[in-house]
Amino acid sequence: MLRLVAVTLRLGGELVLDALTVEARAGEILLIEGNRGAGKTMLLEVVAARRQPHGGEVWIADHDVTALQRESLPFVRRNIGFAEAAPLFLSRATVLENVMLPLAARGEPAAWAREAAVRALGKVGIVGLGAHDPARLSNGARRLAAIARALAGVPPLVVIDDPGASLSAADAGAVLSAMCGAVEGGAAVVCASADGAFVAAASAAGARRLRLDAGRLVPGAGTMVALPGRRGHDPLGVPVEALLDPEGQLELGS
Amino acid sequence: MRPQPAVGAAPLSERFRWGARLTVQGLRRHRGAFWLSAAAFAWATVALAACLALAHAPGAGGTASGSAQLVAFLNDDLPPADRDALAVVLRKLPGVAGVRLLPSDEALGRMRAELGPRAALLDGVEDGFLPTTLEIALRPGPQGTGRADELAWRLRRMAGISDVDVLRNEADHRLVTEQETTRHLRVALMAVSALLALAGLWLVAALARRRRGDASILEGLGFTAWAVSGPAFIAGAAAGAGGASVVLVGLRLAARLVSVPSLASLAAAGGRGLGGGLGQAGTCAVATLIGGAIAWWGTRLPQAARGGDQLAPEA
């Protein structure tokens, strides 16, 4: 689904991504770990076709995005659900209308798009906020709405920057569960996090981990667990609820 | 269901449905900006109407006759042959209707005749008391006064001529001065009106730029340029058409219903001016296109600093 070959990116003359080669298959979660400034967000922007690298190739569904003309990019982007760390929403539109937008870009029928958007909101536990203005939501709720927007309609590639940020453990668990649901549907999920609790939970859920340091992959770091998409089965092997302690908090260090 | 990449364009019917839906949503979400844009368009149209009405307004009444006469005083020592030659040369100048040589004694006789009973005052005056002169009549024309001054300036520099007087019609001179003042005032008012029209369009552009944030979000989600800018174009075109139509209809009504003749004629002139060669429907169509084009431009501006399409790698 996704293949990065020797991707290099510079920002202000500084090397942010250094000849990265990464692959993410359909039906797996790829978790990029790393400290602040390691280049995780830049890598995700490249993966989500939001940023053009200075060198290398970015293959998404057998298309080299770096070789595409600008006019062709929308047709790639509409197949990528992308949740930024600081998401932007259309102002004075409801959360539901915002979550429906990627499905509108794909030209899905409106009724189906609405149904899929409501389902995505339900997966992250904010279906009750569908009629709200995103501008009036808390940071955590906005993050959840952005993740719901990225997951709506289960695009083939889902990219989420820092999925556990600004979220309670229960919400982070719901997000992880929704990511696993997308994987079960056959999507490839690429996310980045510096949050140890989320990394541990995702790792327990079978995510393949890669560690990024100063724009380079750290050899041998992280567990390399491939997570095949098994249709009809829970890809985690365990329900997400099992990861929560009796108070609903995410268990750490497992 | 395994997700399938949708690499091509969405079905046309769905694209139209979503286009209409997003247009309505955009109008609802940006209704304040829409009404403000329509008002700015109306304002710009009024200012343009005023500018055109001034441009087509008749000037200050009356036309200057442009008649003027020059009297060139010749040097006493100029030989008679040279005087005749000078008269011949002056007759050939453009704008000169005629040249008459007035000898010294004839000039003195004329003065005596003008003095009438007091002609005795000139008794004992020797011949050559008055200089020989050339009376130069200019052809009437709108620039008569200005041309006389110019010709006098040139004649003063010619050998054999000691001085030149310009005799002009006083009423002509006043009329020309009034017309000049009116023209300057009109140009100033036209410039102010044009600036006000531009200010209205600038406001429309400033409002259109506010859509850039929406555009960058939609582009990030995979909307094509047409899908992003189309609804904005329709909204901008509607604002342009609405604002211009209100003004055109208002001017027509004012021309018919307003009882103050000067205001009514100004409204009629404004309406005619706006119509111009295009007709008022054409004017409305132009406003529609301008509104749509500005709104389109607003969504195609360079990307926002963040959240936008960071497509080009930074150097």
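Residues numbered from 1 in each chain as written. Chains lettered and ligands numbered in written order. Predicted model: local features only at pLDDT ≥ 70, side-chain atom pairs only at ≥ 80, totals over all residues. Heavy atoms only, no water.

**A look at the overall build of chain A**
Here is step 1: From N to C terminus, chain A includes seven helices and 10 strands.
Here is step 2: Sorting the 254 residues of chain A into buried and exposed places 56% on the buried side.
Here is step 3: Pairs at least 24 residues apart make up 69% of the contacts formed inside chain A by residues separated by at least 6 positions.
Here is step 4: By element, 51% of the accessible surface of chain A is carried by carbon and sulfur atoms, the whole surface being about 9700 Å². (Helix = DSSP H or I, 4+ residues; strand = E, 2+ residues; numbered from the N terminus. Buried < 20%, exposed > 50% of the residue type's maximum accessible area, 1.4 Å probe, protein only. Contact = heavy atoms within 4.5 Å. Areas by Shrake-Rupley, 256 points an atom, 1.4 Å probe, with all protein chains shown as cover.)

**Focus: the side chain of A:Arg149**
Here is step 1: Mapping A:Arg149 onto the fold places it in helix α5 (residues 139-151).
Here is step 2: Leave out the neighbours within four places in its chain, and A:Arg149 touches A:Glu84, A:Pro87, A:Leu88, A:Phe89, A:Asn98, A:Val99, A:Pro102, B:Ile217 and B:Leu221.

**As for the sheet that holds strand β5 (residues 63-64) of chain A**
Residue and element names in this part refer to chain A.
Here is step 1: Here four strands make up an open sheet; going across it, the order is β2-β1-β4-β5 and the pairing antiparallel. Sheet topology places β2 (14-24) and β5 at the edges, where each strand pairs with a single neighbour.
Here is step 2: Its contacts with the sheet put helix α1 (residues 40-47) on β1 (2-11), β2 and β4 (55-60), and the angle it makes with β1 is roughly 125°. (Pairing = 2+ DSSP bridges. Axes fitted to C-alpha atoms, helices over the stretch in contact; angles between N-to-C directions.)

**Describing the pattern of salt bridges**
Here is step 1: Tallying each qualifying case throughout the model produces 18 salt bridges over all chains.
Here is step 2: Its salt-bridge partner being A:Glu97, residue B:Arg28 comes within 2.8 Å of it at the nearest N-O pair. Here B:Arg28 is found in helix α1 (residues 12-29), whereas its partner A:Glu97 is found in helix α3 (residues 95-105) on a different chain.
Here is step 3: Relative accessible area serves as the criterion here: at 37%, B:Arg28 is assigned to the partly exposed category.
Here is step 4: Beyond isolated ion pairs, a larger network of salt bridges with shared partners links B:Arg100, B:Glu106, B:Arg110 and B:Glu135. (Salt bridge = Lys/Arg side-chain N within 4 Å of Asp/Glu carboxyl O.)

**Considering helix α6 (residues 169-184) of chain A**
Residue and element names in this part refer to chain A.
Here is step 1: For α6, built from 16 residues, the straight-helix expectation of 22 Å at 1.5 Å per residue is met to within 8% by its first-to-last C-alpha distance of 22 Å.
Here is step 2: Among all positions in α6, only Ala169, Ala172, Gly173, Val175, Leu176, Ala178, Met179, Cys180, Ala182 and Val183 are buried.
Here is step 3: Those residues of α6 that are buried lie in contact with β3 (29-33), α4 (110-123), α5, β7 (157-161), β8 (188-193) and α7 (196-204).
Here is step 4: The positive-phi residue at the C-terminal boundary of α6 is Gly186, with phi of around 105°. (Expected span 1.5 Å × (residues − 1).)

**Comments concerning the packing of α3(A) against α1(B)**
Here is step 1: Direction vectors running N to C along α3(A) and α1(B) enclose 150°, while the axes themselves pass 12 Å from each other. As far as their axial angle goes, α1(B) and α3(A) are roughly antiparallel. Like other packed secondary-structure pairs, α3(A) and α1(B) cross with a definite hand, here left-handed. On α1(B), the residues touching A:Glu97, A:Met100, A:Leu101, A:Leu103 and A:Ala104 of α3(A) are B:Trp18, B:Arg21, B:Leu22, B:Gln25 and B:Arg28.
Here is step 2: Each residue belonging to the contact of α3(A) with α1(B) can be placed in one class, and the counts come to six nonpolar, one polar and three charged. (Parallel < 35°, antiparallel > 145°, perpendicular 65-115°, else oblique. Left-handed = near helix turned anticlockwise from the far one by under 90°. Nonpolar A, V, L, I, M, F, W, Y, C, P; charged D, E, K, R; others polar.)

**Brief notes about the confidence of the model for chain A**
Here is step 1: Taken over all residues, the pLDDT of chain A has a mean of 83, while the share at 70 or more is 86%.
Here is step 2: This stretch, residues 222-254 of chain A, has a pLDDT under 50; its non-local contacts, to residues over four places away or in other chains, come to 62 contacts. (pLDDT = per-residue confidence, 0-100.)

**A look at the sheet that holds β7(A)**
All names here are of chain A.
Here is step 1: Ordered by their spatial adjacency, six strands build an open sheet running β6-β7-β8-β3-β9-β10, and the pairing between neighbours is mixed. Because the sheet does not close on itself, it has two edges, and the strands there are β6 (80-83) and β10 (216-217).
Here is step 2: Across four bridges, β3 lies against strand β9 (residues 208-213) in parallel orientation. Considered in β9, the bridge of Leu30 is made with Arg208.
Here is step 3: Contacts from α5 reach β6 and β7, with the element oriented near 170° to β6.
Here is step 4: Taken strand by strand, α7 contacts β3, β8 and β9, and its axis lies near 150° from that of β3.

**Here we look at the nonpolar core**
Here is step 1: In this structure, A:Ile29, A:Val124, A:Leu176, A:Met179 and B:Phe223 are the most contacted members of the largest nonpolar core, which totals 60 residues.
Here is step 2: If you look at the next biggest cluster of nonpolar residues, it comprises 33 residues, including A:Val22, A:Leu44, A:Val47 and A:Val65. (Core = buried A, V, L, I, M, F, W, Y, C linked by side-chain atoms within 4.5 Å.)

**Regarding the confidence of the model for chain B**
All names here are of chain B.
Here is step 1: Across chain B, the average pLDDT comes to 79, with 82% of residues at 70 or higher.
Here is step 2: When pLDDT is averaged over each helix and strand of chain B, the minimum, 68, is found for helix α9 (residues 261-275) and the maximum, 88, for helix α7 (residues 212-220).
Here is step 3: Residue range residues 304-309 is modelled with pLDDT below 50. Its contacts to residues more than four positions away, or to other chains, number 13 contacts.
Here is step 4: In the predicted assembly, ipTM is 0.80 and pTM is 0.68.

**As for a nonpolar patch on the surface**
Here is step 1: Taken together, the side chains of B:Leu36, B:Trp202 and B:Leu203 present a nonpolar region at the surface, about 320 Å² in accessible area.
Here is step 2: Judged by its relative accessible area of 61%, B:Trp202 falls in the exposed class. (Patch = residues over 30% accessible without salt bridge, like charges linked within 9 Å, V, L, I, M, F, W, Y side chains within 5 Å.)

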